[in-house]
Structure formats: C-alpha cells, structure tokens
Amino acid sequence: MPPTLASLVHHSALKLTVRAGEERLDTAVRWAHVSELADPVPYMEGGELLLFTALKLDAEDPEAMRRYVKRLAGAGVVGLGFAVGVNYDAVPQALLDAAREEEFPLLEVPRRTPFIAISKAVSAAIAADQYRAVTAGFAAQRELTKQALSGGPEGLLGALAGQVDGWAALYDASGAVVAAAPEWAGRRAARLVADVERLRERPAPASAVVGGSEQHGGGDEDRVELHSLGTGRRPRAALAVGTAAALGTAERYALHSAIALLTLTTERSRSLHSAEQRIGAAVLRMLLAGEPEHARTVAGDLYGGLLDAPFRMIVAEVASASAGRAHADGHARVALDKPERPAPGTGAAAVAASGDPLTGLADVVEAAAARSGEAVLVVPDGDRLVLLAADGGASTGACTQYAEALETARLTQREQGGTGEDDELVVGLSAPAGPIAAATAYKQAEQALSVARRRGRALVEHEEVAAGSVVPLLADDAVRAFADGLLRALKDHDATGRGDLVASLRAWLSRHGQWDAAAADLGVHRHTLRYRMRRVEEILGRSLDDPDVRMELWLALKVTSAGGE
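Caption draft 1: The overall build of the protein chain, seen in detail. If you tally the helices and strands in the protein chain, you get 22 helices and 15 strands. Evaluated residue by residue, the protein chain yields a buried proportion of 45% over its 565 residues. Counting contacts in the protein chain only where the partners sit at least 6 residues apart, residues at least 24 apart contribute 65% of the total. Summed over all atoms, the accessible surface of the protein chain reaches about 27,300 Å², with 52% contributed by carbon and sulfur.

Caption draft 2: Focus on the confidence of the model for the protein chain. Residues of the protein chain with pLDDT of at least 70 account for 85%, and the chain-wide mean is 83. Counting contacts from residues 213–219, a segment whose pLDDT is below 50, to residues more than four positions away or on other chains yields 13 contacts. Confidence drops under pLDDT 50 across residues 326–354; counting only partners more than four residues distant or on other chains, this segment forms 65 contacts.

Caption draft 3: Summary view of a nonpolar patch on the surface. Among the surface-exposed residues, I279, V298 and L302 lie close enough to one another that they form a single nonpolar patch of about 190 Å² accessible area. As for its placement among the helices and strands, L302 is situated in helix α10 (residues 292–303).

Caption draft 4: Looking closely at the packing of aromatic side chains. Summed over the entire model, instances satisfying the criterion amount to four aromatic pairs. Residues F52 and F82 carry aromatic rings whose centres are separated by 5.3 Å and whose planes lie at 70° to one another, so their mutual orientation is edge-to-face. With F52 in strand β3 (residues 48–52) and F82 in strand β4 (residues 79–83), the pair connects residues that are 30 residues apart, well separated along the chain. Looking at F52, the relative accessible area reads 0%, which means it is buried. Both rings, one in W508 and one in W515, keep their centres 5.5 Å apart while their planes meet at 40°; by these two values the pair is tilted. Taken together, the ring pairs connect F52, Y68, F82 and Y88 into an aromatic cluster.

Caption draft 5: How the structure looks around the environment of A246. With respect to the secondary-structure elements, A246 resides in the loop between β10 (237–243) and α8 (249–266). Residue classification places A246 among the exposed positions, given a relative accessible area of 57%. In the structure, A246 is positioned 22 residues away from V224 in sequence and 9.0 Å away in space, judged by C-alpha atoms.

Caption draft 6: Just the pattern of salt bridges, in detail. One pass over the structure, following the stated rule, counts 23 salt bridges. For R384, the salt bridge identified is with E446, shortest N-O distance 2.7 Å. Residue R384 is found in strand β13 (residues 384–390), and its partner E446 is found in helix α16 (residues 438–455); the two are separated by 62 residues along the sequence. Relative accessible area serves as the criterion here: at 11%, E446 is assigned to the buried category.

Caption draft 7: Structural context of the environment of Q147. Of note, Q147 is situated in helix α4 (residues 115–164). Its relative accessible area of 23% is what places Q147 among the partly exposed residues. In this structure the C-alpha to C-alpha distance between Q147 and L157, which are ten residues apart in sequence, comes to 8.6 Å. Not counting residues within four places of it along the chain, the set of residues in contact with Q147 comprises G152, G155, L156 and A159.

Caption draft 8: Broad picture of the pairing of β13. Among the seven residues that make up β13, six are buried, leaving the element largely enclosed by the rest of the structure. The pairing of strand β11 (residues 311–318) with β13 spans seven bridges and is antiparallel. Within the sheet, the bridge partner assigned to E317 lies in β13 and is R384. Pairing of strand β12 (residues 376–381) with β13 involves six bridges; the strand directions are antiparallel. When the bridges of β13 are listed, D381 appears paired with R384.

Caption draft 9: Structural view of unusual backbone geometry. Cis geometry is found at the peptide bond from A181 to P182, where omega equals -10°. For P182, the position within the fold is in the loop between β7 (177–181) and α5 (185–190). A positive phi angle is found at D165, which is not glycine, with a value near 55°. Its place among the elements puts D165 in the loop between α4 and β6 (167–171).

Cut-off values and rules
- Residues numbered from 1 in each chain as written.
- Predicted model: local features only at pLDDT ≥ 70, side-chain atom pairs only at ≥ 80, totals over all residues.
- Heavy atoms only, no water.
- Helix = DSSP H or I, 4+ residues; strand = E, 2+ residues; numbered from the N terminus.
- Buried < 20%, exposed > 50% of the residue type's maximum accessible area, 1.4 Å probe, protein only.
- Contact = heavy atoms within 4.5 Å.
- Areas by Shrake-Rupley, 256 points an atom, 1.4 Å probe, with all protein chains shown as cover.
- pLDDT = per-residue confidence, 0-100.
- Patch = residues over 30% accessible without salt bridge, like charges linked within 9 Å, V, L, I, M, F, W, Y side chains within 5 Å.
- Salt bridge = Lys/Arg side-chain N within 4 Å of Asp/Glu carboxyl O.
- Phe/Tyr/Trp six-rings, centres within 6.5 Å; stacked < 30°, edge-to-face > 60°.
- Pairing = 2+ DSSP bridges.

Encoded structure:
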C-alpha cells in the first residue's frame, strides 16, 4: 500500500511528532512538497504532505493561520510538516490552534531532520509500493493465464474475481451473460445488459464505469467497470468487473491481463472464421443443388448435426436493398463466390457500423447457438443473409425475437410520427424441412420474405402465407389501382342513382351465378338481377361467361372491400 502519514510518523529515522489531526493519520501521501509561499494551493494536485518553515508567513497571526490551513485542507493537501528550530523554536500556537480546529494533521519536524529526508522516505515508499504492485501483477498474469488454459473463460473469471476481491462477468456479442464468477454475480451482471449495449455502440476498445445503487436502484454499493473485448472496431464481447472501491495498481494489472486473455479466447482468428464460412457456403450450395449426401460429407462435425433433424431456411435482407430487386432461382441465387462477410473483429467498414441490422442478426443468432451448443449455418450472400437453423432451436428463436423486437421498435417510431428507416430488416422463414427439400425451403423463405416486404413486416413465416388468404398478398398500390379502374364505370353508374350494379355483381359472383339465390340475397326479382348483369356486361364491354373475367371482377371486389371502400 502507498505511504501514509502514520507510516512516516513511525519511521524511526525521521523523528516526527504529531501535534494535530491524530484521527487522520491513515491518509495516503502521494508526495512530499516544500513550499514557503503564502498561498501554495495553485501548485498542489491533492494528496501532498506540505513541508514549510513559515519563512514568509506570520505563523503567530491566528486569522492568517486559520485561512492558510482551511485553504490547504480544501485543496486536498493531506497534512503539514512544520520545521522547528529554523524560524520558530516551537510550533506557533496560532498554527497549532488552526490545525486542531480543522482536525488537520500537523507534524513537527525536528531541526536535525532535513526536508529532503522526508521527501526521500515518501519517494522510496511509493517506489516500493509500485514494485509490489508490478510483482503482484505479474503473478496475477501467470495465474490468469494458467486458469485460461485449463478452465477456459469460466476459470479465468474465477481467478480474476479473486484477484480484485469482487466479481467478474463475460457478455457475448449479443449482450447476454455467458459466464460469471462467483455464481451469484450472474444476477448482478444481468442488470447491466443495457449498459453493455451502450458500450457496444462505441468502437472498440471502449470502457465505462457504472455506479451501483445510484443507477440501478438495487441497493448495490459496488463499482463496476465495463470493457469491450475485440481487436477491431466492432466489439465481440464485453467484460464486467465489480468491486467495492476503485481498483488499485495490482488489481489494474490483473484486469488488463484478463482483457488480453479473454480477447484471445473469445476472438476467433480471421482465417478460421473464413474457413468455416467457406465450408458453410459449400454445404448450402450442395443442399440447394439437390446433393444432400455430398453436403453431409462436407459438413462433417462442424455442421453435420444440423442436417440430422428438421431445420428452417431463413433469408434476411434490408428493405432498401430489396426494393425493386428481381430475384433469381434459389440455387442460382446463392452464388457464394462474392466476398465473404469479414471475420469478427477485422474492423471492416461494411460491418463495423453498429446499426447494420444484418450483422446484428448474425451476431444474435450465432451467440444463441454458442450458448445452446447447437450448430447454425450463417452465409452472407451479397446484400442478404441466408441462415440454416434447427427447427425449434435457440437460433431460430433468437432470430424470431430479434425481428419482433425490431418490429416493435418500428411500430413505436411510427406511432410517434416517425417515418421509419430505409435499412429496415425483413426476414422470411421457411417451413421445417430436411436436406432433400432444402431448395424448396429456400423458395419458401424467399416467398415469405416477399410477403414481409409487401406487408411492412419484420418477419413472416411460410406457414402464414400458406394458411392465409391470397387477398392480403394483393394489397399494394398497383393492385388497388387495377381494381379501381376495372370497377370505376360501374361505380359511376351507381352514383347517378340508376341502379346498384356493384352490389348486384358481388351477390351474383358470391352465389356462383345462381340467379334465384343471388336475387333472394338482394331482395329483388331474378329478372331484375338478369337485367343488371346485362348492364354490367354492356358497361364493361366484357362477357360474364368468361371465367377469367369473373375471377378478375371478384378479386377487384375483394381488394376494394379490404380497403374499406
């Protein structure tokens, strides 16, 4: 520990005597400084033991001494050392009274003890403390390295918590707690997820200090440091360390060692990530080409388990990229000879932006897969992302939750008068499928993606498309314009009060052309209905005997009804 006033008093060679402030001798001394200025405060930083002889001060003036001592105490000076036998034979009473009034430590320095001896003693004690801290830091580094090699991140966190006499927790790329030590620290760490998310929005390396009870209202008095982990601009993980007080030098050495080791542990090398990505792309390409056995062979242990159970094909892209796009066939679409998504932590500009929804989705899905121990295949394909995830697994659930959270935020923004972002995420999920039906699953995911884009939804599952009505799929401006144009002449006729042709046409089509049933629905004679249908044919110039005409008219009526007309 650093030198204190008490350690200087107990130093046998200095022969210092305590004259005031006995209760505050445990205060640490950052330096010993000599000054005879009437006001040395502008040159103080705080933590100093000020040595003086009152060469330029009237140490017998009570008011002057009161102002002098009060100003030093307010500046953070920890004590005064007054040399007797130089200008004054004894400590002046005015100085003594002022120090006692402020409860300010006042040490009497004998004539035979030079100020430089005190300065040397303080300097030597500080150097010894720093040496002990460095030595302890190296020992902590060796212990942390040993634990990282034998026990992984969990062992390293346990060792770090012991080194800092507190707790430690590790967060993954999605901000979820993946490990904590001691075990109870997981609950504390979970309450800091929002702070970790804010930290991840800053380029790595980044750090923040979070207060305990004041910010989180949980009655915790600990001081928490958050540090991002990663070698590139986008952090891949985060470390939280909670302690009762600010970290000392030795604890700081241990923390920095842990950050370096955890970065090595959590960061996969660029070459390894690229290799896994190429394998995943090859597996997906073979599945879409109808070669499941070859895909199994290439997948090996890395992705093989994913092909042994039903999986979901997921296609995601941003709305700005999907606007006006003409999609190719599924297996032609996944060319996979484009540049791969840069490995985590490479700092590539395309991925570094924290607001990239595709990168965010990939991070969330991969983190969920890592936590659950399941395989997930993530393949960037130009401006879209293709995923293969276990049906009902953690990865599929994480994808759904991520999209739902985005959609909720999107709706809230619109309710508050916002217009929404151009880079809104849209996701399509296929029905559960196996390796043989991978190409069909990909087409299903693309169809669901198209519906999500049309409906302004963040995510649509293929089951929704297959089980619902076709009418909502036609709810866009082009279809409404067609319906309005087809029915406009009939509506204009009805507006003049010369009949109710639109309602009569709807009733007749809904009864499949059965005159009596449709006339009964309208409350008119069947001859009246026949006359109205002839007028419809005359006005439209089209025959109702044509099934295509009846289909177009029925869809037009349904679209206008869905629009509230």
